[in-house]
Amino acid sequence: MCLPVAGSLPASKTHKAGRRWALLPSADATSPSLGTLTIVQSKRDTVSYGVAVEGGQVLFCKLSDGEVYGVTLDRSGRPVCCTCDGFHFVKRCKHLDTVKELIADGVL
Ligand SMILES: [Zn+2]
């Protein structure tokens, strides 16, 4: 069974409400990829990633251009930092927020 799972994200400075995510799990159980994750911040800001967990990191591979962002987990499995520019500047980002929600929802 590969039912999509979805949830909401807390508001950010730029996106006050309606942020959400959806994960379509990979149909191939042998694939290292968890599936396809879409993060919606607004109608115009909807980005899909291939997601995999590897070496204490949750990797987000942007499907549109292949760019990869890595969210690092600490020893207790909490997300602590991300390699994207957004995190670099404001110390939080949608990848980190999404990983938090995925863990809270038992997806990761
Ligand atoms: Zn990020």
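Residues numbered from 1 in each chain as written. Predicted model: local features only at pLDDT ≥ 70, side-chain atom pairs only at ≥ 80, totals over all residues.

J.: Where do I start with the overall build of the protein in this structure?
T.: Helix and strand counts for the protein stand at 2 helices and 7 strands. Mapped from its N terminus to its C terminus, the protein presents α and β elements in the order β-β-β-β-β-β-β-α-α. For 108 residues, the compact-globule estimate of 2.2 N^0.38 gives 13 Å, and the C-alpha radius of gyration of the protein, at 13 Å, lies within 12% of that figure. Each of the three principal axes of the protein carries a C-alpha extent, and together these read 40 × 30 × 30 Å. A total of 108 residues make up the protein; the buried ones form 22% of that total. Within the protein, counting contacts between residues at least 6 apart in sequence, those at least 24 apart form 21% of the total. (Helix = DSSP H or I, 4+ residues; strand = E, 2+ residues; numbered from the N terminus. Rg over C-alpha atoms; globule rule 2.2 N^0.38 Å. Buried ≥ 20, exposed ≤ 12 C-beta atoms within 10 Å, placed from the backbone. Contact = placed C-beta atoms within 7 Å.)

J.: Help me understand the pairing of strand β2 (residues 20-25), please; the structure alone is not making it clear to me.
T.: Two faces belong to every sheet, and in a regular strand the side chains alternate between them. Inspection of the sheet shows strand β1 (residues 5-8) paired to β2 by 4 bridges, in the antiparallel sense. Paired with Gly7 across the two strands is Trp21, which belongs to β2. Sheet analysis places β2 next to strand β3 (residues 33-40), joined by 6 bridges and oriented antiparallel. Bridging across to β3, Ala22 finds its partner in Thr38. (Pairing = 2+ DSSP bridges.)

J.: I would appreciate a short explanation of the environment of Glu54 in the present structure.
T.: Tracing the chain through its elements places Glu54 in strand β4 (residues 46-54). Counting along the chain gives 51 residues from Glu54 to Asp105, while the straight-line C-alpha distance between them is 19 Å. Sequence-distant contacts of Glu54, that is, excluding residues within four places in its chain, are made with Pro32 and Leu59.

J.: What exactly am I supposed to notice about the sheet that holds β3 here?
T.: Backbone hydrogen bonds hold the strands of a sheet together, and the pairing may be parallel or antiparallel. With antiparallel pairing, the 7 strands of this open sheet are ordered in space as β1-β2-β3-β4-β5-β6-β7. Looking at which strands have only one partner, the edges of the open sheet turn out to be β1 and β7 (79-82). The average undirected angle you get between the axes of adjacent strands in this sheet is 25 degrees. Helix-sheet contacts for helix α2 (residues 94-104) involve β1, β2, β3, β5 (57-62), β6 (68-73) and β7, and the interaxial angle to β7 is about 155 degrees. (Axes fitted to C-alpha atoms, helices over the stretch in contact; angles between N-to-C directions.)

J.: What exactly am I supposed to notice about the nonpolar core here?
T.: In a soluble, globular protein the nonpolar side chains are often hidden away together inside. Residues Leu37, Val51, Val58 and Phe60 are the most contacted members of the largest nonpolar core, which totals 17 residues. Where this core is concerned, the elements lending two or more residues are β2, β3, β4, β5, β6 and α2. Sequence-distant contacts of Val58, that is, excluding residues within four places in its chain, are made with Val51, Val53, Val71, Leu73, Val99 and Leu108. (Core = buried A, V, L, I, M, F, W, Y, C linked by C-beta atoms within 7 Å.)

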